Amino acid sequence: MANYVDLKPRKELINPHFESYKLSLDPLPIYSQELEKSLDVSILTQDQLTLHHTKLFGAYNHLVQDPWVDRSVYFIDTDWAVQNIFIHETGKIHGGFRVFEIPEASSYRECTGRLNISLCFSNQTFAVLADGAGRLFLLDTGMRGHKRTQWNVLYKDKVLGENVYFTVVDSIQYTSTTSGESGNAVDVVECLLASVEVRQGENKYPVNRTILTWITLTKGVEERWVVTRTRRLEGSQPFSYASIERGGGAVTVASNRLFDLTADSLKDVISGAESMEWEVSQGKGSAHPMYTWSQGPEDVSVQLTLPAGVSKADIYVSVARDYIDIGVKNSLALLSGSLSKTVDVSASTWTLEGQRLELILTKEEKGMWETVVVGDNRGEMTFDEATVAAIHERLQHLTSDQWNPDPDLKNKPFNTQQLEACDAVDDEECIYLMRIDGETHRISHQATINYSLLFIARLDAEKAPSLCLRHDVDGLLWQPEVIPLTDGDSGRRTCPWQHVGTLDAFGYVQASKTQRSFSGCAPDLSLAVIADCSRHVYLYRQNVPTGTPLRNRRTGQNVSNIAKQYVVALEPHDSILGLCVSRDHIVIATASKVYALAVPQDA
């Protein structure tokens, strides 16, 4: 069963005394450069006006920042050429330089319904490109930097078949050691591709599914790159975040619905009754609990779902005063171990109806149990109707079906008139953050997020992209980490997402920017940026030296650092199509122009 973990913020990374951003009227140096060729922009067709397609298009950033080379940015123009621009320390723009031209561009550029071209850097010398028309390219970029070299194609193919269009979400490169006496080192590139699949539903209306295809490319003995493994993940809702765990052991996905790993070219994906048997034998489970249980003051009810075809004669149930053992004869154990507390064996019963087995355990002493079997965390506790009614009766004074007409009502828990629209949380906005293991095909860790995902940022070139989640008014950065599960229980209990930084009040700030198109932050978190759809860019600097002594009039304390906000207005005629943020500069792209904003590093 999935290990349900909590995202626990680190208190030392949160500033409880943050007051506000001070608006700065200091002008920022802005440099711009006209593009010889406009950015290549794909447009949604009538058949693609779905939530799944819109999510793929809406999250697309036409600027790609090289995480290994500072101030180096790439984009694709209408000739299907990959252009590189370099931002000088002063903010001036150098470029663009053509480093690669996508072959057969004239043929594939006209494909109806194609997606935007996507580019992802795997390491210092490899890049992966999807042309949006069904082809995947593995490219040798050489050592990228000030010396610009032409990129070479190492691999090219329609990896998902004809007329299946996809984008590259993430890619990594590492060296793996082959088994056997030789133990040769093999270069491996992992790619995560996103596509939308349209199926015919039961009512004959089309049903859309978001597909994440996990591709493994390996360089063989003949120095040729080949696809050696393909894994497929499906979701009924689009994803908000997806990445490959560094080392290639798992993928992390954030979505409003759980994703399932449904196919693996190297090994069977277990499902149905086989899944239950495998999970029990491994001591693990799927994203769903192995059993559910509820309790009242006098008894405990345990419900299990049995594999199809199991009859009453196939089941064994053994209940002792402090022990329980339930399973299928000559097959598998379902629930076994020491009970949390003692029971009255003579008054305990069990029944089987279809595939549902229900066990009633009568407590010897009244009281509430923390668990059914000591040390077994595969079950999920539910509440019966009587318990829910009792809880509701105790708490009904805190709720009402009417808006509070009197803000001064005595003993109110809060004043609803003080809530703002950005504080409301919709059930549909609940995000499931899941780590899906590539070998077991199961969700190994899962967290539920009730706050919105603000943006995705690359804080470290050697690590997966980070998620910025709203927490109260702040924006908290969560970094996916590699979780070794070889250590047994200790690995499974470790949370794979760690709080690594905080953007003060950024959750509240972003909620007020209803026209935003892109958000991001510098890798050192010294700067956060919000770009509107067409013109305005908002900069938020976290700790700016004051330069001259200041004193807080309310507390009387000396202030050496303040937080600043800058507002930049660009030319109003073009939509903003891309944003890259670094510590000392910001790059913004429209269809025909690139802007560079130099960020001051002192007061």
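Residues numbered from 1 in each chain as written. Predicted model: local features only at pLDDT ≥ 70, side-chain atom pairs only at ≥ 80, totals over all residues. Heavy atoms only, no water.

**A closer look at the nonpolar core**
So, point 1. Counting residues in hydrophobic clusters, the biggest one holds 40 residues, and the most contacted among them are V82, L119, W151, L212 and I436.
So, point 2. Excluding residues that lie within four positions of it along the chain, I436 makes contacts with L233, A250, V251, V253, F259, L261, R442 and I443.
So, point 3. W293, V300, L339 and L361 belong to the second-largest nonpolar core, a separate cluster that totals 23 residues. (Core = buried A, V, L, I, M, F, W, Y, C linked by side-chain atoms within 4.5 Å. Buried < 20%, exposed > 50% of the residue type's maximum accessible area, 1.4 Å probe, protein only. Contact = heavy atoms within 4.5 Å.)

**Description of the environment of T230**
So, point 1. Within the element layout of this structure, T230 appears in strand β15 (residues 225-235).
So, point 2. As a C-alpha pair, T230 and L160 span 70 residues in sequence and 9.6 Å in three-dimensional space.
So, point 3. The contact partners of T230, leaving out residues within four places of it in the chain, are T213, W214, I215, A263, D264 and S265. (Helix = DSSP H or I, 4+ residues; strand = E, 2+ residues; numbered from the N terminus.)

**Section: the state of the cysteines**
So, point 1. Taken as a whole and judged by the stated rule, the model has zero disulfides.
So, point 2. Free of any disulfide, C120 has its nearest cysteine sulfur in C191, 8.0 Å distant.
So, point 3. Exposure remark for C120: the relative accessible area of 9% places this residue in the buried category. (Disulfide = S-S within 2.5 Å.)

**Some thoughts on the sheet that holds strand β29 (residues 453-457)**
So, point 1. If you trace the four strands from one edge of the open sheet to the other, you get β29-β30-β31-β32, paired in antiparallel fashion. What marks the edges here is a single partner per strand, and that holds for β29 and β32 (497-503). Within this sheet the neighbouring strands show an average axis-to-axis angle of 30 degrees, counted without direction.
So, point 2. Of the strand pairs in this sheet, strand β31 (residues 474-480) and β32 are connected by six bridges, and their pairing is antiparallel. Residue pairing across strands places Q479 opposite Q498, the latter belonging to β32. (Pairing = 2+ DSSP bridges. Axes fitted to C-alpha atoms, helices over the stretch in contact; angles between N-to-C directions.)

**Describing the pairing of strand β16 (residues 239-244)**
It is a general feature of regular strands that their side chains alternate between the two faces of the sheet.
So, point 1. Counting buried residues along β16, five of its six residues qualify, which places the element largely inside the surrounding structure.
So, point 2. Taken together, the five bridges between β16 and strand β17 (residues 250-255) define a ladder with antiparallel strand orientation. Counted as the bridge partner of A242 is V253 from β17.
So, point 3. Between the end of β16 and the start of β17, which pair antiparallel, lie five residues, with G247 showing a positive phi angle near 110 degrees.

**So, the sheet that holds β15**
Picture the strands of a sheet paired through backbone hydrogen bonds; they go either parallel or antiparallel.
So, point 1. With antiparallel pairing, five strands are arranged side by side in an open sheet as β12-β13-β14-β15-β18. Taken across any chain shown, the strands that pair with only one partner, and hence form the sheet edges, are β12 (167-177) and β18 (260-264). Here the strands of the sheet are splayed against their neighbours by 25 degrees on average, with no regard to which way each runs.
So, point 2. Bridge analysis of β15 against β18 gives four bridges, and the strand direction is antiparallel.

**Focus: the confidence of the model for the protein chain**
So, point 1. When the pLDDT values of the protein chain are averaged, the result is 83; 82% of them are 70 or greater.
So, point 2. Within the model, pLDDT remains below 50 along residues 272-287, and this stretch shows 37 contacts once partners closer than five positions in the same chain are excluded.
So, point 3. Taken together, the stretch residues 397-419 has pLDDT below 50 and engages in ten contacts with residues farther than four places along the chain or on a different chain. (pLDDT = per-residue confidence, 0-100.)

**Section: the packing of aromatic side chains**
So, point 1. In the structure shown here, the tally under the stated rule is nine aromatic pairs.
So, point 2. Their ring planes at 70 degrees and their centres at 5.0 Å tell us that Y21 and Y540 sit as a pair that is edge-to-face. On the criterion of sequence distance, the pair formed by Y21 in the loop between β1 (3-4) and β2 (22-23) and Y540 in strand β35 (residues 536-551) is long-range, its members being 519 residues apart. Each member of the pair, Y21 as well as Y540, carries the same accessibility label: buried.
So, point 3. Look at F506 and Y540: their rings are 6.1 Å apart centre to centre, the planes differ by 80 degrees, and that puts the pair in the edge-to-face class. Of this pair, F506 sits in helix α6 (residues 506-511) while Y540 sits in strand β35, and the two are 34 residues apart along the sequence.
So, point 4. The class of Y540 is buried, set by a relative accessible area of 2%.
So, point 5. Ring pairs connect the aromatic residues F18, Y21, F455, F506 and Y540, which therefore count as one cluster. (Phe/Tyr/Trp six-rings, centres within 6.5 Å; stacked < 30°, edge-to-face > 60°.)

**Things to note about the side chain of D574**
So, point 1. Within the secondary structure layout, D574 lies in the loop between β36 (558-569) and β37 (578-581).
So, point 2. We note that D574 is buried and unpaired, the nearest opposite charge coming from K593 at a distance of 7.6 Å.
So, point 3. Filtering out sequence-adjacent residues up to four positions away, D574 remains in contact with S534, T590 and S592. (Lys, Arg positive; Asp, Glu negative; His and termini not counted. Salt bridge = Lys/Arg side-chain N within 4 Å of Asp/Glu carboxyl O.)

**With respect to the pattern of salt bridges**
So, point 1. Counted by the stated rule, this structure contains 34 salt bridges.
So, point 2. One salt bridge in this structure joins E234 and R199, with 2.7 Å as the shortest N-O distance. Taken together, the positions of E234 in strand β15 and R199 in strand β13 (residues 185-200) put the pair 35 residues apart, joining distant regions of the chain.
So, point 3. Between R229 and D264 there is a salt bridge, with the nearest N and O atoms lying 2.6 Å from each other. Here the residue R229 occupies a position in strand β15, and D264 occupies one in strand β18, the gap between them amounting to 35 residues.
So, point 4. In this structure R229 comes out as buried when scored by relative accessible area, which is 9%.

**Thoughts on the side chain of S118**
So, point 1. Along the chain, the position of S118 falls in strand β8 (residues 118-121).
So, point 2. Looking at S118, the relative accessible area reads 4%, which means it is buried.
So, point 3. Those residues within four positions of S118 in sequence are excluded, and the remaining contacts are Y60, V128, L129, A130, T167 and V168.

**With respect to the environment of F259**
So, point 1. Counting through the fold element by element, F259 comes out in the loop between β17 and β18.
So, point 2. It is 7.7 Å that separates the C-alpha atoms of F259 and S236, two residues lying 23 residues apart in sequence.
So, point 3. With near-sequence residues (within four places) excluded, F259 lies in contact with T210, L212, L233, E234, G235, Q237, F239, V253, M434, I436 and I443.

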